[in-house]
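Results of the structural survey
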Number of protein chains: 8
Amino acid sequence: MSNGEEATQEGVVNLGFARIDSARRGRCGHPEVIFGEGKTVEEIARIARVIHDKEGYVLVTRLSSQQAAGLEPLLTGAVYHARARCLLLGMPPQKKPSLPIGLLCAGTSDLPVAEEAAVTLEAFGRHVVRYHDIGVAGLHRLLGEIESIRACGVLIVVAGMEGALPSVVAGLVDLPVIAVPTSVGYGASFGGLAALLGMLNSCANGVSVTNIDNGFGAACAADAILRVAERVSQ
Amino acid sequence: MSNGEEATQEGVVNLGFARIDSARRGRCGHPEVIFGEGKTVEEIARIARVIHDKEGYVLVTRLSSQQAAGLEPLLTGAVYHARARCLLLGMPPQKKPSLPIGLLCAGTSDLPVAEEAAVTLEAFGRHVVRYHDIGVAGLHRLLGEIESIRACGVLIVVAGMEGALPSVVAGLVDLPVIAVPTSVGYGASFGGLAALLGMLNSCANGVSVTNIDNGFGAACAADAILRVAERVSQ
Amino acid sequence: MSNGEEATQEGVVNLGFARIDSARRGRCGHPEVIFGEGKTVEEIARIARVIHDKEGYVLVTRLSSQQAAGLEPLLTGAVYHARARCLLLGMPPQKKPSLPIGLLCAGTSDLPVAEEAAVTLEAFGRHVVRYHDIGVAGLHRLLGEIESIRACGVLIVVAGMEGALPSVVAGLVDLPVIAVPTSVGYGASFGGLAALLGMLNSCANGVSVTNIDNGFGAACAADAILRVAERVSQ
Amino acid sequence: MSNGEEATQEGVVNLGFARIDSARRGRCGHPEVIFGEGKTVEEIARIARVIHDKEGYVLVTRLSSQQAAGLEPLLTGAVYHARARCLLLGMPPQKKPSLPIGLLCAGTSDLPVAEEAAVTLEAFGRHVVRYHDIGVAGLHRLLGEIESIRACGVLIVVAGMEGALPSVVAGLVDLPVIAVPTSVGYGASFGGLAALLGMLNSCANGVSVTNIDNGFGAACAADAILRVAERVSQ
Amino acid sequence: MSNGEEATQEGVVNLGFARIDSARRGRCGHPEVIFGEGKTVEEIARIARVIHDKEGYVLVTRLSSQQAAGLEPLLTGAVYHARARCLLLGMPPQKKPSLPIGLLCAGTSDLPVAEEAAVTLEAFGRHVVRYHDIGVAGLHRLLGEIESIRACGVLIVVAGMEGALPSVVAGLVDLPVIAVPTSVGYGASFGGLAALLGMLNSCANGVSVTNIDNGFGAACAADAILRVAERVSQ
Amino acid sequence: MSNGEEATQEGVVNLGFARIDSARRGRCGHPEVIFGEGKTVEEIARIARVIHDKEGYVLVTRLSSQQAAGLEPLLTGAVYHARARCLLLGMPPQKKPSLPIGLLCAGTSDLPVAEEAAVTLEAFGRHVVRYHDIGVAGLHRLLGEIESIRACGVLIVVAGMEGALPSVVAGLVDLPVIAVPTSVGYGASFGGLAALLGMLNSCANGVSVTNIDNGFGAACAADAILRVAERVSQ
Amino acid sequence: MSNGEEATQEGVVNLGFARIDSARRGRCGHPEVIFGEGKTVEEIARIARVIHDKEGYVLVTRLSSQQAAGLEPLLTGAVYHARARCLLLGMPPQKKPSLPIGLLCAGTSDLPVAEEAAVTLEAFGRHVVRYHDIGVAGLHRLLGEIESIRACGVLIVVAGMEGALPSVVAGLVDLPVIAVPTSVGYGASFGGLAALLGMLNSCANGVSVTNIDNGFGAACAADAILRVAERVSQ
Amino acid sequence: MSNGEEATQEGVVNLGFARIDSARRGRCGHPEVIFGEGKTVEEIARIARVIHDKEGYVLVTRLSSQQAAGLEPLLTGAVYHARARCLLLGMPPQKKPSLPIGLLCAGTSDLPVAEEAAVTLEAFGRHVVRYHDIGVAGLHRLLGEIESIRACGVLIVVAGMEGALPSVVAGLVDLPVIAVPTSVGYGASFGGLAALLGMLNSCANGVSVTNIDNGFGAACAADAILRVAERVSQ
């Protein structure tokens, strides 16, 4: 193995500093998504071009606005979603319609995480219905939408602070609930630990949890659930 | 100061191993309550007799069934509340009626903590209304009692696991809510830490929190609130 | 609300110490399951009989062998699964066949948690395929079964210690992966915290996580996923 | 539900990114207060105008000075309390006098948290008496004010470092004590964790605790206590 | 070095499983003290005999009552202090009188830790004055003894729960204060972490802290302080 | 894959509840070692017989004395090392001599962990030199053996409490140092966390760390180091 | 009590936002020292002037260089010690010579904390001997100074990373050792937690510990020890 | 000892603020390496010159780009490796060839830590083979290089997030594996804690672990292993 030049191995494009997994879509359903944190703008651009050329589109997550500004001249045509901190270059393939994914968000301060999920799902060709600011301090906001929510195929529930929303929602529906804790809160949220532990300890059934602020991971899990449903229905 | 014999100081009965605060009721509203853990049966009995003789009754909390059995011959007439792990000797003074205290308990497994609160409140002469097993996984159980709950003067809400119940309740009422996390739960409850952090991060207003499994502390706080109300109304 | 006698509210059977959510199956797909820890044998028996009479079967989880022995005369015909620490009384309704659920278990020491998931799924009428002792220290054990695993509809992956198995599996399949950390391990597993954090931080997509040792929760999440698939395919 | 336009539901004003709980005052005693962190200036302004138009005033907490500067042209007439990091627009309704709320603050470095409580209480129409820099290292400062403190109706006690002040105060008074830990301290305060744990473990009775640095939450709890007293005295 | 037989090195008696530091007294002021936890009865007895033969006495700490019973026939004449969990064999050398060490203990449940300190100090030939059950919930108990306390040469302050006593004491005296947190408390004491952090964050000056429940360590630190004083005064 | 019967895959012996990695020795240098915790006696016996039949010996770690007693009739000829909590059945192959492995142990209470390492190394055919009770409180014990220690090929350093020994040793030698934290200590060792963090933060070079109480892992790492040396020297 | 104007109470100068403890020196040996963090420049200046006018000097700790710059025009003649982050205004009273305080510092990166201790001690009129960069990775640096160190009256030992230096030092001397953990280190030092736990778990006797980075607290404790010695020797 | 001027002791160059361990290479195999964090540019320059003059080269780690810019005029000829945050002045001595060190890196975001290891090893005269971006989400990337990896003498495996790579690698090779957790990851990586715990709990044998982000420490450990091999082979 060498230190910089391109090399070849089946299912891999080796750029030296990165080994692109070109077999990812065939194996797991989607091409690689680039995690932007800790990478230089040049590294992101080189990886993004390889994936874009092969797949027709590429998604970058956890991209700061400074990184996005640096990427602009290198990846013309890319769209930066500032609140979601995601960049999308190219056009994902169309999918035939499936059940919508309900994206519930406890408070307006949780929107960046919810939007990371939404942008990812839209890059995967999914239909997202957003239910924003629907936290448990005013239950009627949730109860007023519950029939619409029950019509979705899977729910992503984003909440900071005590993270109680997924428990309450899961007690009202017959759907898989993917809970996403956020780092929003006063001191003893400890960067989202409070919401994370709350969601892991949910007394309601059918809840599973992703990492703190990980809207991307929740989108992947929700998408995988719909792919099962599609496989069964074929 | 000496090492064993009784000594005298104003507001103190000094037993050597213990200094009983005989001025507590005058200063804080109630006589001393004995924390049973880590004390020998003999120590508890000696302290209990001093308080009982002066005040007419005495409460011991955090008392194991072994300790209670050991105390039986030493404190005749005492009643041990096994589930609450509390022992009461003598009869607290009657109080004139006030608003009831609502005691909400998320699950049946949380009952020992709720009962510690209830026994303490009853030793303080309060009227307690119990709402057991009313957790958020089946919201209609709570909503069906909400009018009755709103008629209370203050609420104690006991919950383990994710500890979501106080947030939901506080969003529905115009009352002080004292939240008590319990150590009930699967692994990542970490002995009640999950519920504790959840309650501290409550998105609803008016919630304050006591230590894990501390039904006694919640009872004291609720009682203090009613004493304010009584002072105002006199 | 009263303190002991039965009372009536729609969707609730109130036993005083417990409020059975009799509307749970209609709302969430399954009747209530009883969490055994912290409840007395008498409480469990009373709740179990109410659910069994209404639904034809009832499942109790987190039941110690001592509790199970105490329940035996009270719930005749109940079967106790010792390793899973679950008790099942009655016969769940038959379901029409769906995709199997793959249950992967990293090591033999993780079996109690895996069995809690398996017994729960079988009580839900699901078909479970077990892949035991398939951890990452000997990858060929996993790779040798990978085609069989890919034919499942959803995967539950149970692992203690570093909890790496879900990441490796999720990189090889196009399926939802529900990861269950266990408390198995040397000192710095900190009761399963190591595996929990490992799974939450999985670099592979489509992984969501349940509480430590919570095989029951994983079973509920997997079951909910298949219900979506069944709804779509109808 | 849609993605941006206003919509209608009883008790809700739906702005798309936010669902204002217009029934909050009726249900819980006060209109919604806006948590400023993580929201854009535009979002805050839009929410604030809706609440202000309906209620006559609106409070924003956790608002940085940069956000406040951005809001200035959008919310003319608003007053920013820099130390409390709160903004108040409009005039809260007058309340008839009640007992004063004693606001005790252990050190001058804890003032921002104490001021968040004070500004909130004043927005709620309450009378606050401030006892600043009254920590336990110089007990005579507290003892010299104790008669004045005992004349209050409820106490909020703000302290960082070891958080000992609430215990000492609660041992001297017959009043509800709401303890607020702050993040002030040397290294092992761990962002206020030391004070938080200290207050939760208070050996004195009648203490309940809010989140770290959460002066707002303490104000809500204190206000709710006085509302009970007022209800009783009517 | 070899595996079992005795061997010789200056300042060491090598028993194979243990290397006794026979130069400890000359270097650090006292002979080795045996930490009993995790050692077999036979190992303790062999080490104890070597130290006793050389120094005239030996102290064992952290010795369970089972271990003590096992040691009885092996170390005739040894005295086991059950509450302190310490065993003393032989007679420590007399010391000429110095200032007394004040041993303050917040509650009766903290006595085992205080007694570990007291027994150790008495083995070191020190004069200990005990002030038991003098916690901050009833300040007058402390204030009533403060002149006596000020006459000591150094203070050891033992407290569990929130660990506030050292701060309050240190604000009232002109003496070194050694704080010892104990593991006494309700859930969120987390085995003494709350008291430990409280003491480390003391707002009062001159406080230093030992490990949780480490009465022995506090005794060593207090003794070392008096040795300095003695050296200066010679 | 099926649920109980034996099955065949290259490099695997499938017992249903366990998949023995029969290719482990060829790939990693040693056959599988059985982790005893959480397995039934029957499971251990079945796995042990398969490995023993193929490899001529088998090692079981983390085996309680109860489990060992249960295994005795099932695995005749097995030797249980009680302090190490290890069982060895059969005779490992002889190895040609290499450099000795120095096993340093800070205190006698750390011996169980050190013995787990020693028994494992001896099962691997290694020569171990034990340096027991050589902690930093009496440095001359270490310095007196330092030339002997420098003649080893690799060092395993076992210590509880503050875990300082590996740092001191690594500053004195030109050898790889494998540090093993133990759970020995007073309260704030938090089950070995203190020693673990201490070792990870060693200011001396060449130290790497294993899990708390993991003598087995340290033995594997030391053995792997000597295998490299042997490969180079061939 | 009022909100801003000066008021009078014995032993207190009340500035409204601060209550200066003017009796501190008489009670505890030194006048108040100002903790700079979280205070405005104006607040510091006003408090400093009151103390300076009464005592002839005043010390401010934890003062950033920005705060110091802001204070310069307000407190003419003050000297800012940048590395120690301390400001001293005026001249402390002379003390008659006593034993020197040995200040040991493990590494050059720990100097800011050591200097906070040194500046404080010099403000207290103490003689400090500095032993910098004397950590355990090169033991001969410490051993070469050990006779000089033994001639001190008390030792302050400052160390980051694993914090092993206090243990090693305490095993070599017959002196009180005050250990100060610093936040210096790679990732798993967790802001000084590793060094803190290491020091609390010291296997050597006579060590007590202050908060992370708290050189000031260590200086106070060391000074108090010398005051005892001085009292004895009078 | 004095406060600033140079002094002499065997094996030490005393600069007052630093005591250079000039005997380090003889004792431990390499001269001192300077830890840059928390030191001023002037301090680093003075220490560096002393080491460089004696040894012919010097390495500085954890050096920010600002510090490096400040050092440029003071240490002419020094080379700053920005990604590794290391500076090298002078030329290390040549070594005769040995086995290569395999440096495996899970993701491109982990490169800074891997480069710290690589630069250190190259300063030690070692041959490093880099395998970048080879994490477990695409196993074929690792499996495709496994024969090349097996030809190395020792492996350093760098990974963030769940830190699973070392376990998988160690199950495939017969080599010592030094695992380096990085702080790369979403919220619940808690600054690398997740990867650290994962690696400490590795189910594969032969893994030992360094501090979070400590590429330097891993390089030292790997180098020490090769030195053993070289000693054996001589």
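To start, this report covers the structure provided alongside it. (Residues numbered from 1 in each chain as written. Chains lettered and ligands numbered in written order. Predicted model: local features only at pLDDT ≥ 70, side-chain atom pairs only at ≥ 80, totals over all residues. Heavy atoms only, no water.)

A closer look at helix α4 (residues 111-123) of chain B
All names here are of chain B. Taking 1.5 Å per residue, 13 residues should reach 18 Å; α4 reaches 18 Å between its end C-alpha atoms and fits that length. Across the 13 residues of α4, eleven count as buried, placing the element largely inside the fold. Buried within α4 we find L111, V113, A114, E115, E116, A117, A118, V119, T120, L121 and A123. (Helix = DSSP H or I, 4+ residues; strand = E, 2+ residues; numbered from the N terminus. Expected span 1.5 Å × (residues − 1). Buried < 20%, exposed > 50% of the residue type's maximum accessible area, 1.4 Å probe, protein only.)

Quick word on the interface of chain H and chain C
Each partner contributes residues to the interface: chain H has 24 residues there, and chain C has 24 residues. Contact between chain H and chain C buries roughly 1900 Å² in total, counting both sides, with carbon and sulfur atoms accounting for 72%. The interface formed by chain H and chain C contains zero salt bridges. For the pair chain H and chain C, the interface holds ten residue pairs in polar contact (both at pLDDT 80 or more). Elements with a contribution of two residues or more to the side of chain H that touches chain C: α5 (139-143), α7 (165-170) and α8 (193-200) of chain H. In terms of residue count, α8 of chain H provides more of the side of chain H that touches chain C than any other element does, five residues in total. Taken together, the residues of the side of chain H that touches chain C sort by class into 17 nonpolar, six polar and one charged. (Contact = heavy atoms within 4.5 Å. Buried area = accessible area lost by both parts, 1.4 Å probe. Salt bridge = Lys/Arg side-chain N within 4 Å of Asp/Glu carboxyl O. Polar contact = N/O pair within 3.5 Å; in protein donor to acceptor, adjacent residues only side chain to side chain. Nonpolar A, V, L, I, M, F, W, Y, C, P; charged D, E, K, R; others polar.)

Considering the packing of aromatic side chains
All told, the structure shown has eight aromatic pairs over all chains when counted by the stated rule. Note on F35 of chain A and Y186 of chain H: the rings are 5.8 Å apart at their centroids and 35° apart in plane angle, and the pair reads as tilted. Note that F35 of chain A is positioned in strand β4 (residues 34-35) and Y186 of chain H in the loop between β11 (177-181) and α8, a pairing that runs across two chains. Among the residues examined, Y186 of chain H registers a relative accessible area of 7% and is labelled buried. Just above the ring of Y186 of chain E sits the side chain of R62 of chain B; from NZ or CZ to the centre is 3.7 Å. (Phe/Tyr/Trp six-rings, centres within 6.5 Å; stacked < 30°, edge-to-face > 60°. Lys NZ or Arg CZ within 6 Å of the ring centre and 35° of its normal.)

Some remarks on the interface of chain G and chain E
Each partner contributes to the interface: chain G provides 36 residues, whereas chain E provides 37 residues. For the pair chain G and chain E, the summed buried area comes to about 3100 Å², and 57% of that belongs to carbon and sulfur atoms. In terms of surface lost to chain E, no three residues of chain G exceed D174, L200 and R231 of chain G, which account for 18% of the buried area on that side. Between chain G and chain E we count two salt bridges in total. A salt bridge links D174 of chain G to R227 of chain E, with the shortest nitrogen-to-oxygen separation between them at 2.4 Å.

Re the relation of the copies chain G and chain E
Superposing chain G onto chain E takes a rotation of 180° plus a shift of 0.0 Å along the axis, which leaves an RMSD of 0.0 Å. Seen this way, the second copy is the image of the first under a two-fold rotation axis. Here 100% of the contact residues of chain G are again contact residues in chain E; the copies associate through an equivalent surface. (Least-squares fit on C-alpha atoms with pLDDT ≥ 70 in both.)

A few points about the sheet that holds strand β6 (residues 79-81) of chain A
All names here are of chain A. Spatial strand order, β4-β5-β7-β6: four strands in an open sheet with mixed pairing. Every other strand in the sheet has two partners, leaving β4 and β6 as the edge strands with one partner each. Relative to strand β7 (residues 86-90), strand β5 (residues 57-61) runs antiparallel, the two being bridged by four bridges. Looking at β7, one finds that Y57 is bridged to G90. Against the sheet, helix α4 (residues 111-123) touches β5, β6 and β7, its axis set at about 170° to β5. (Pairing = 2+ DSSP bridges. Axes fitted to C-alpha atoms, helices over the stretch in contact; angles between N-to-C directions.)

Regarding the packing of helix α4 (residues 111-123) of chain C against helix α9 (residues 215-233) of chain C
A pair of packed helices is captured by two measures, namely the crossing angle of their axes and the spacing between those axes. Residue and element names in this part refer to chain C. Packing of α4 against α9 brings their axes to within 7 Å, and their N-to-C directions diverge by 40°. When the interaxial angle is binned, α4 and α9 end up oblique. By crossing handedness, the relation of α4 to α9 is classed as right-handed. Seen from α4, the contacting residues are V113, E116, A117, T120 and L121; seen from α9, they are G215, F216, A219 and D223. (Parallel < 35°, antiparallel > 145°, perpendicular 65-115°, else oblique. Left-handed = near helix turned anticlockwise from the far one by under 90°.)

Side note on the relation of the copies chain H and chain C
Two chain copies, one operation linking them: a rotation about an axis together with a shift along it. Superposition record for chain H on chain C: RMSD 0.0 Å, screw rotation 180°, translation along axis 0.0 Å. Same-surface contact between copies: 100% of interface residues of chain H are shared with the interface of chain C.

Points about the environment of S22 of chain E
Residue and element names in this part refer to chain E. Mapping S22 onto the fold places it in the loop between β3 (19-21) and α1 (24-28). Measuring from C-alpha to C-alpha, the distance between S22 and Y186 comes to 43 Å, with 164 residues separating the pair along the chain. When sequence neighbours within four positions are dropped, the list of residues in contact with S22 reads G11, V12, V13, K54 and E55. Reaching out from S22, the side chain makes a polar contact with the backbone nitrogen of V12 at a distance of 3.4 Å.

Here's the deal with helix α2 (residues 41-55) of chain F
Over its 15 residues, α2 of chain F runs 21 Å from end to end, which matches the ideal 21 Å to within 8%, given 1.5 Å per residue. Within α2 of chain F, the full set of buried residues consists of V41, E43, I44, A45, I47, A48, I51 and E55 of chain F. Looking at the buried positions of α2 of chain F, the neighbouring elements they touch are α4 of chain C together with β3 (19-21), α1 (24-28), β4 (34-35), β5 (57-61) and α3 (65-71) of chain F. In the segment just after α2 of chain F, G56 of chain F is the residue with positive phi, at about 90°.

Here's the deal with the packing of helix α8 (residues 193-200) of chain A against helix α8 (residues 193-200) of chain B
Viewed as axis vectors pointing N to C, α8 of chain A and α8 of chain B meet at an angle of 125°, and their least axial separation amounts to 8 Å. Overall, the two elements α8 of chain A and α8 of chain B adopt an arrangement that is oblique. Every pair of crossing elements has a handedness; the one defined by α8 of chain A and α8 of chain B is left-handed. Within the contact between the two elements, α8 of chain A uses L193, A194 and L197 of chain A and α8 of chain B uses L193, A194 and L197 of chain B. Tallied by class, residues from the contact of α8 of chain A with α8 of chain B come to six nonpolar, no polar and no charged.

Considerations on the environment of D223 of chain F
Residue and element names in this part refer to chain F. With respect to the helices and strands, the residue D223 is situated in helix α9 (residues 215-233). For the pair D223 and F124, spaced 99 residues apart in sequence, the C-alpha separation works out to 7.7 Å. Setting aside anything within four residues of it in sequence, one finds D223 in contact with H30, K95, L121, F124 and R126.

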